[in-house]
4 protein chains.
Amino acid sequence: MNSENFALSEKIVLPSYIRQGSQARRSHEQLIRLLLEQGKCPEEGWSEGTIELFLSELAVMDSNNFLGNCGVGEREGRVASSLVARRHYRLIHGIGRSGDIAAIQPKAAGSSLLNKLTNSVVLDILKIAGVRSVASCFVVPMATGMSLTLCFLTLRHRRPKARYIIWPRIDQKSCFKAMITAGFEPVVVENVLEGDELRTDLAAIEHKIEELGAENILCVHSTTSCFAPRVPDRIEELATMCAKHSIPHIVNNAYGVQSSKCMHLIQQGARVGRIDAFVQSLDKNFMVPVGGAIIAGFDESFIQEISKMYPGRASASPSLDVLITLLTLGASGYKKLLSDRKELYSFLAQELKRLASAHGERLLHTPHNPISLAMSLDGVQAGGDRAVTQLGSMLFTRQVSGARVVPLGNEQTVNGHTFRGFMSHSESYPCPYLNAASAVGITQEDVSLCIKRLDKCLKTLRREQEVADAAPTVPPSGQELAAGE
Amino acid sequence: MNSENFALSEKIVLPSYIRQGSQARRSHEQLIRLLLEQGKCPEEGWSEGTIELFLSELAVMDSNNFLGNCGVGEREGRVASSLVARRHYRLIHGIGRSGDIAAIQPKAAGSSLLNKLTNSVVLDILKIAGVRSVASCFVVPMATGMSLTLCFLTLRHRRPKARYIIWPRIDQKSCFKAMITAGFEPVVVENVLEGDELRTDLAAIEHKIEELGAENILCVHSTTSCFAPRVPDRIEELATMCAKHSIPHIVNNAYGVQSSKCMHLIQQGARVGRIDAFVQSLDKNFMVPVGGAIIAGFDESFIQEISKMYPGRASASPSLDVLITLLTLGASGYKKLLSDRKELYSFLAQELKRLASAHGERLLHTPHNPISLAMSLDGVQAGGDRAVTQLGSMLFTRQVSGARVVPLGNEQTVNGHTFRGFMSHSESYPCPYLNAASAVGITQEDVSLCIKRLDKCLKTLRREQEVADAAPTVPPSGQELAAGE
Amino acid sequence: MNSENFALSEKIVLPSYIRQGSQARRSHEQLIRLLLEQGKCPEEGWSEGTIELFLSELAVMDSNNFLGNCGVGEREGRVASSLVARRHYRLIHGIGRSGDIAAIQPKAAGSSLLNKLTNSVVLDILKIAGVRSVASCFVVPMATGMSLTLCFLTLRHRRPKARYIIWPRIDQKSCFKAMITAGFEPVVVENVLEGDELRTDLAAIEHKIEELGAENILCVHSTTSCFAPRVPDRIEELATMCAKHSIPHIVNNAYGVQSSKCMHLIQQGARVGRIDAFVQSLDKNFMVPVGGAIIAGFDESFIQEISKMYPGRASASPSLDVLITLLTLGASGYKKLLSDRKELYSFLAQELKRLASAHGERLLHTPHNPISLAMSLDGVQAGGDRAVTQLGSMLFTRQVSGARVVPLGNEQTVNGHTFRGFMSHSESYPCPYLNAASAVGITQEDVSLCIKRLDKCLKTLRREQEVADAAPTVPPSGQELAAGE
Amino acid sequence: MNSENFALSEKIVLPSYIRQGSQARRSHEQLIRLLLEQGKCPEEGWSEGTIELFLSELAVMDSNNFLGNCGVGEREGRVASSLVARRHYRLIHGIGRSGDIAAIQPKAAGSSLLNKLTNSVVLDILKIAGVRSVASCFVVPMATGMSLTLCFLTLRHRRPKARYIIWPRIDQKSCFKAMITAGFEPVVVENVLEGDELRTDLAAIEHKIEELGAENILCVHSTTSCFAPRVPDRIEELATMCAKHSIPHIVNNAYGVQSSKCMHLIQQGARVGRIDAFVQSLDKNFMVPVGGAIIAGFDESFIQEISKMYPGRASASPSLDVLITLLTLGASGYKKLLSDRKELYSFLAQELKRLASAHGERLLHTPHNPISLAMSLDGVQAGGDRAVTQLGSMLFTRQVSGARVVPLGNEQTVNGHTFRGFMSHSESYPCPYLNAASAVGITQEDVSLCIKRLDKCLKTLRREQEVADAAPTVPPSGQELAAGE
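You'll find chain A entered in an unreviewed UniProt entry as O-phosphoseryl-tRNA(Sec) selenium transferase, with Betta splendens given as the organism. The record in UniProt for chain A states the following under Subunit (unreviewed entry): "Homotetramer formed by a catalytic dimer and a non-catalytic dimer serving as a binding platform that orients tRNASec for catalysis. Each tetramer binds the CCA ends of two tRNAs which point to the active sites of the catalytic dimer." Regarding chain A, the UniProt comment filed under Function (unreviewed entry) reads as follows: "Converts O-phosphoseryl-tRNA(Sec) to selenocysteinyl-tRNA(Sec) required for selenoprotein biosynthesis."

A. A look at the overall build of chain A. Along chain A, the regular secondary structure elements total 17 helices and 16 strands. Computed over its C-alpha atoms, the radius of gyration of chain A comes to 25 Å, within 12% of the 23 Å expected for a compact globule of 485 residues. A principal-axis box enclosing the C-alpha atoms of chain A has dimensions of 85 × 55 × 40 Å. Looking at chain A as a whole, 68% of its 485 residues qualify as buried. Here chain A displays about 15,300 Å² of accessible surface, and carbon together with sulfur accounts for 50% of that area. Between the mean site of the 52 positive side-chain charges and the mean site of the 50 negative ones, chain A shows a separation of 3 Å.

B. Structural detail: the interface of chain B and chain A. At the interface, 95 residues of chain B touch 96 residues of chain A. Its largest share of buried area at the contact with chain A, chain B owes to Val72(B), Glu74(B) and Arg87(B), together 11% of the area lost on that side. The interface formed by chain B and chain A includes four salt bridges. A salt bridge links Arg87(B) to Asp321(A); its shortest N-O distance comes to 2.8 Å. The interface formed by chain B and chain A includes 42 residue pairs in polar contact (both at pLDDT 80 or more). Classifying every residue of the side of chain B that touches chain A by side-chain character gives 45 nonpolar, 29 polar and 21 charged. Bridging between strand β12 (residues 400-401) of chain A and strand β1 (residues 70-71) of chain B involves two bridges; their strand directions are parallel. Its bridge partner being in β1(B), Ser401(A) is matched across the sheet by Gly71(B).

C. Spotlight on the relation of the copies chain B and chain A. Between chain B and chain A, which share one sequence, the superposing operator has a rotation angle of 180° and an axial displacement of 0.0 Å; the RMSD is 0.0 Å. Such a combination of rotation and displacement between the chain copies is what one expects of a two-fold axis. Distance from the rotation axis, computed per C-alpha, reaches its smallest value in chain B at Arg87(B): 2.5 Å. An overlap of 100% is found between the interface residues of chain B and their copies at the interface of chain A, pointing to a shared contact surface.

D. Structural view of the packing of aromatic side chains. Throughout the structure, instances matching the rule amount to 36 aromatic pairs over all chains. Arranged with centres 5.0 Å apart and planes meeting at 80°, the rings of Phe176(B) and Phe419(B) form a pair that is edge-to-face. A residue pair is termed long-range when its members are at least 10 positions apart, and Phe176(B) in helix α7 (residues 173-181) and Phe419(B) in strand β15 (residues 417-420) qualify at 243 residues. One aromatic cluster is present, built from ring pairs that chain together Trp167(A), Phe176(A), Phe419(A) and Phe422(A). Between Arg404(B) and the ring centre of Phe227(B), over which it is positioned, the NZ or CZ distance is 3.9 Å.

E. Molecular detail of the relation of the copies chain C and chain A. Taken as rigid bodies, chain C and chain A are interconverted by a rotation of 180° and an axial shift of 0.0 Å, the fit giving an RMSD of 0.0 Å. Mapped onto chain A, 100% of the interface residues of chain C are again interface residues, and the two copies thus contact each other with one and the same surface.

F. Molecular detail of the pairing of strand β16 (residues 433-437) of chain A. Residue and element names in this part refer to chain A. The element β16 is extensively covered by neighbouring structure, given that five of its five residues are classed as buried. Where strand β11 (residues 372-376) and β16 come together, five bridges link them in antiparallel fashion. Its bridge partner being in β16, alanine 374 is matched across the sheet by asparagine 435. As paired elements, strand β13 (residues 404-406) and β16 share three bridges and run antiparallel to each other. Bridging from a neighbouring strand, arginine 404 pairs with asparagine 435 of β16.

G. Looking closely at the pattern of salt bridges. Scanning the model with the defined rule gives 112 salt bridges over all chains in all. Between Arg274(A) and Asp276(A) there is a salt bridge, and its shortest N-O distance comes to 2.8 Å. Of the charged contacts in the structure, one is a salt bridge between Glu211(B) and Lys208(B), with a shortest N-O distance of 3.4 Å. Linking Glu211(B) with Lys208(B), this pair stays in helix α8 (residues 202-212), spanning three residues, or about one helical turn.

Reading the values: rules and limits
Residues numbered from 1 in each chain as written. Chains lettered and ligands numbered in written order. Predicted model: local features only at pLDDT ≥ 70, side-chain atom pairs only at ≥ 80, totals over all residues. Heavy atoms only, no water. UniProt positions renumbered as here; feature names shortened; annotations may be inferred. Helix = DSSP H or I, 4+ residues; strand = E, 2+ residues; numbered from the N terminus. Rg over C-alpha atoms; globule rule 2.2 N^0.38 Å. Buried < 20%, exposed > 50% of the residue type's maximum accessible area, 1.4 Å probe, protein only. Areas by Shrake-Rupley, 256 points an atom, 1.4 Å probe, with all protein chains shown as cover. Lys, Arg positive; Asp, Glu negative; His and termini not counted. Charge placed at Lys NZ, Arg CZ, Asp CG, Glu CD. Contact = heavy atoms within 4.5 Å. Buried area = accessible area lost by both parts, 1.4 Å probe. Salt bridge = Lys/Arg side-chain N within 4 Å of Asp/Glu carboxyl O. Polar contact = N/O pair within 3.5 Å; in protein donor to acceptor, adjacent residues only side chain to side chain. Nonpolar A, V, L, I, M, F, W, Y, C, P; charged D, E, K, R; others polar. Pairing = 2+ DSSP bridges. Least-squares fit on C-alpha atoms with pLDDT ≥ 70 in both. Phe/Tyr/Trp six-rings, centres within 6.5 Å; stacked < 30°, edge-to-face > 60°. Lys NZ or Arg CZ within 6 Å of the ring centre and 35° of its normal.

Structure follows, in structure tokens:
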């Protein structure tokens, strides 16, 4: 409705009412104006109405929605199914161009705007979440692992001779594979046990760097968010070490945006040393569907180099999801989610502690891990080798998702590398345990139900063990289930 | 509605009516049964109602939609925005697991089913479209370029010594960058001019192989679908050559699924020689949003190797789009689209020919290119250097999208490699020209409007040239616009 | 996006692209402008994108969507469920005010505009469909029967003494009840048999008028669209008679908009005599959900009087449905539907004729009925009393909907009035028969399938009758099913 | 997904995962089972996923969604626009049949089930809200006014001689027109002033009954929910009086479901005397779009009689809205809304009181009105005749909706009856005033903003009056705006 159409409307409906309607329209436009002008996440969330209005405005600017368009190219944004058109708000052209995933498209001004704004809003949120000096970032429609691969592939052009990536061990397959896929040899550095915690072995890393030669090392690949009892890597010290040796430093910050501690580590690392890029998952931090990540850094030109490394266009779907989500929540809504998460972490810790002592177990002491907790399963283990994996199966069946049991002595070979004690980030962690995490979006009910069901399972298990010590149980690939990856 | 609920309903509404309703339900379930049983694209398309019913059934099977679920993991499929949840039909968990993009997820039986079925239905369609002996394929949420990169990265593990990729020149940035990103050195082999057509220089390629040594060559990277006057590579001969030298062969079949000729080339190539994988765009062939590709091949284990190379989970969005689209169209609907496209290719050729001769130009004779056509612009060129790019700007402004003008003498450097005569796939094509393509989904109106507007532009241009030969025009980055990538 | 926002966008994305996007927006606005200016159904249908943009523009103008609104009234357009908000495009305030269903609402400029435009577009379509001199109309969210009641209630205020309504018999309950509900006594005038057709008995009506006295008669209530072998009433002659006696004349044109013949009758009736209002169903004529009607007439003030008789606000849902539908179809799309319907009427007639003669039956000769056809069932009837109703049940079970069988000798009492030969519009029609209609939206496949299944049923029935003349069958309330009301 | 399809799925995805998915499905079916079995509003609300699954299950049972259906009737539930189909969840057939709006439809088992369940769930909610002995009810797609008309039209058949309806005055047009439209003569009985409250004049009513003769009176038409300072009628006493004189009693309970006091009055009235039907708005009580009402009563057969009086089918849209809403909220959610409303009523009263005294006005003492409040405007009035209506305009412009100003001395003629002191329910209320209501869904922010803006307006007004006593202002139909109907 432009002014001409409002004027025409005044002939149909009372002018004073139309004027009020037109004024109401301006208040939506005002929100859009602020977004365009500042490129920041609005403090207060937008209504669904404003969001959909905005998206339909963007769609109108893409050539596939031009009323008079005729297309004789090989890619015209045609859509065969109206279900598909609708679910993408008729934004069909994706993001980027051949040369650069961040480039603007002549055929798709609306999609290009969407892409630019999303990256800008996400950058703002990274600052709000704690990495105040982040310089640049972009959303990429690949999950964390493949995004890390892209970073490594970009570094290859800067360091053509390098073959190794130094990697403090974390038992999660996709970040290991990210290095393999990029064609590098991961140098796995075992963690050290400090109390219950598994922490970065800085000395071993320094030793490795000297042994292999800095010029042969593509980068150090560290991790913040991880399952307890592993804790975030010593990012500050690693960043300092990287600066000293002129080795690039890529941080896997998978679900660390939700934790002020993880974000603080990155902020500090960049301040005192070197962090070239840090990568985070969209789904794990922003409650959107799986499939996107943010690649961010402190040097705009390096981040651009990565974005130019992505060959061709890409799906706009993850960008659209995170933009809708952040506009819905607003900065205040997102901050509220983060503080709720923090509170529920304490609640979860307290409840697990209570439960653990009731069952003769203990909550492992892992104060450096702000998200994940671990409870020992020594008693369960005493019931036999299979009891621990059986507990995993029982929880799965009872719809407790994400509670991951870690037995002793797992061994797994991934792309030629054998991990002893797989899942526990350590060749020989002292005890089997169970993980539970307080991740963004968790509710008090999640915690309470989990504790209740876990309590029941532990009781059942003990009863079973008491009654029939001999009866063998074969859980349906329980360990696999429990792995949770 | 299970049988118990139908029985209860009979107490509320007349049993005979409920029975008919229950019978009607079975006819939807029967369609789903066939899909699950055969894994093929249904011959006749499904109604939107059946599709949405099916998707909501899948969603119900994912843990994020379990009514009694409690989640204490780091990734629970929570969604903050109901707009986002809705547009993904509440399928939030994406596809794949850490180890493999084709793996099934314990937390998401519905999404896993979706993924498997999509790959199976897409395989069926590839067969229908002409590659009858294709053995395996999977949908990957990355566009063609990045998917090619993934293939190259996979091959690296098989051929650790190889550094070069042999590539018959095609002027499209993303396929060139796909090789650069993967860390290889593209060996660009210029095409030969045969009549108006630019064709693969087989002798030069064979020469290059011998010069570099087969063991140093990662693969031959050929192309089917391309802009005229380049035509599809001589896939059969290349496949034979690759077999002879034991060099892998990756085919960029970007928008070739829509052409029986391109598909036939691949089918024949695999029959007589070697094709390791062929990659095609989802959006260009199936009228879905940008951002997905199909990686397919004749050896199931190699295709699995590629799928296992993708580190981590991935977006289900492109899979969902293509599944919805193929269920909507049915095999018959898709075949109809293909035959319509073929007919409109002839119509476009005839109209362009007519127009060309009216303006003293000619339709280049490129019978081997089944999709793209080119019309000479010698007369326009005569009007001065900028006239050709100005034509591009004029068409853009008049909402003719995809009609790409190619001036003489362009030069562009991409990642260190300089392409003389860029955009024309040749260092010195004899004349400037304009491209138009008949791609899937094109309508007769697209063609007619394009011809009409093109006619007007050419007339305007001639008038302008006649009136004021001297007046300089600076089109707003017209060449860039025209590039159309 | 106002001009300020477009200007800001030019700083983010290339100005020339944004300008093209902004120009594209104007082409949508141009369509809206034409609609606002002319109040007519656009000749060509709008895209879904334009329609949804328009509806979201309207919604923005309603106070429940004002961003800064605070509500302390008893009706503020609040919505508890976002599913509900969404399905109504956030247009919550309905239409009308206490005093008048056509009045504009201070709180809802958008909904008011919607209401006005819908009535205006529908008026245009009535003209296009053949009643060129119609002066005024409005959509009312009640089906045909209740809308007729509203007309009668309005007339009561003009003719306080009148107690009777003259009604040429048509066996459809809701139009009979419409008079009862309004508190009047229907004077049922039997039809006369002319060949196979049942037609208005003009002499009997004139006689009744004289017998009862014109001043005691509220109106004549005639019918156009009806099941064969009844044919539309002789509207012209009735209109002349009403004019002569100064008796109001209300026409039930339930599904007559789809037939140029029915519309012509009304146009002619109004030209030569008197028609006060004619009422038509939205769902039967415009392929929208059940629940709305159009009350139209030739005297604007009388139509306004009816609209002011509706006490209070009303649902905007039927208005929204018909507006979306007509904007989607465009005038040309609706005309196409009508001409398709006409052609399929001929096809249905021809197929039924062929089938009838194959089974020793005949297609009744009812040339004045442009929609409904009837085929005799003498042979079926010969098989026993229940055979005819059994045929109805068989068709129902085989998903042939709308094919209505009419046995002889039905008798039904509705609100105290006994109809002998109920369903056949006649106390003693000569033969039982089966009805089939060619209604708007019918497809060739509907006809072919119906003929095929009907053929099978007739054969099965004959076989059963031959085999076991004695075996009694009790169809589950077959007659009821067949009644089809 | 039936068991056969689950079995097939187990061949594609791990059986244990599919089994969990199938089990998850059962938990949704279990909710549906409870609904079908008990016909009650579930205590806890359903998720959007469950609701949409349920609605799609219902739609599948309607003949327009049968995959093999062929239709040759005049009403086949065809839909021209997919936007329209989608927004109605493909439930197209509406509710009811010719004979009865509550009847089941052979062609639409799903829609029939929807209709029955909605009425049943709504009945449950009426009980929960306080009318525990209500026997029957149905949703009708007409707003309160027209629904009252339907009740009066039904009574006419029971009391053919009656011409009058006794109506304690309430200044709201649609309930007055409801009587006029039905063809009766409203006998307006003025209220009596008790303190600030306007209450039913029982003696005057008894007098009128005797004067007119009970047999000439169709019914007493009383009102619960209304604007202060009028308070709900003395329902108990009226019900007793009606029983005594054998006069039917219809209660306009427009927005009374949200107030336990209003509901208690009806419950008590029915216990000690006679209430034939009570009518309530859907939108005002259940936060759904305008356009539906519930007609309820204590004698099932009378309620059925009303439902049978509605001639023909009707829109299912209001039923669908209220069903979705109640399933979303659950009984607990609805009760929460009611208790929130009650609390905010106290908050509003307190805030208004504070504001009033700050401006030298007072909150009128109307303890019998549980929803609406009134604040005197004596001071404003002192500023001149137009000041009061100007305040209305100012509030409208500042997006305070629903705050209705009532000046002295209004006079309005509706259908021939002149109301002196219109809007104030009294010929001469002592002071002008402003209304504000705490209606269901109101938020604390609504109240705070309203108070703040009202404060500003009052200050502005006073300043203006002080500065320029003489300057005349002509608000754009301010009084009309303020009327709020």
